[in-house]
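Observations on the model geometry
Residues per chain, in single letters:
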Amino acid sequence: QVQLVESGGGSVQSGGSLRLSCAAFGPTYSTHSMGWFRQAPGKEREGVAVIDTSGRTSYADSVKGRFTISQDNAKNTLYLQMNNLKPDDTAIYYCAADWRWGLPLSGDFRYWGQGTQVTVSS
């Protein structure tokens with residue numbers, strides 16, 4: 001099965017930037033949808049951005065214009081470039097993948113990473 005490992009999280013001041021990476025291992029040829037999700041303490045998990053094999057993307061309204069999801073198929077790696085970070089972006093960020101095409105931000109992705117912490121201070 002697919003295994004996902006996130007990295008790149010950390011602490012940053014408001015307005016700063018971070019780039020998250022998600023390395024995928026296993027039968028990645030079958031991961032037709034991938035995405036980034038986040039969860040803050042006491043809150044439900046929120047879809048941040050999704051991308052499919054063709055490069056089609058969708059973003060949560062709260063991150064449009066600030067975050068960019070991308071993938072390097074040759075390296076089996078997913079990225080999330082986060083610019084102009086805000087305190088409300090503080091959360092654990094998870095990478096997810098699924099064999100189904102065109103999953104939305106609310107999709108029930110099958111495979112999940114263990115998460116990486118992002119903390120944004122004022």
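Our subject is the structure listed above.
The notes below deal with the structure included here. In this text the structure is predicted, and so the values were computed from the model without any measurement.

**Concerning the packing of aromatic side chains**
Counted under the stated rule, the structure contains three aromatic pairs. Arranged with centres 5.2 Å apart and planes meeting at 70 degrees, the rings of Phe37 and Phe109 form a pair that is edge-to-face. Of this pair, Phe37 sits in strand E4 (residues 33-39) while Phe109 is found in the loop between strand E9 (91-98) and strand E10 (111-112), placing the two residues 72 residues apart along the sequence. Where Phe37 meets Trp112, the ring centres are 4.9 Å apart and the plane angle is 55 degrees; that geometry is what we call tilted.

**Overview of the environment of Asp61**
Here Asp61 is to be found in the loop between strand E6 (57-59) and strand E7 (67-72). Judged by relative accessible area, Asp61 falls into the exposed class, the value being 66%. When the C-alpha atoms of Asp61 and Ser11 are compared, they prove to be 23 Å apart, with 50 residues separating the residues in sequence. A polar contact of 3.1 Å, which involves the side chain of Asp61, links it to the side chain of Lys64.

Cut-offs applied
- Residues numbered from 1 in each chain as written.
- Predicted model: local features only at pLDDT ≥ 70, side-chain atom pairs only at ≥ 80, totals over all residues.
- Heavy atoms only, no water.
- Phe/Tyr/Trp six-rings, centres within 6.5 Å; stacked < 30°, edge-to-face > 60°.
- Helix = DSSP H or I, 4+ residues; strand = E, 2+ residues; numbered from the N terminus.
- Buried < 20%, exposed > 50% of the residue type's maximum accessible area, 1.4 Å probe, protein only.
- Polar contact = N/O pair within 3.5 Å; in protein donor to acceptor, adjacent residues only side chain to side chain.

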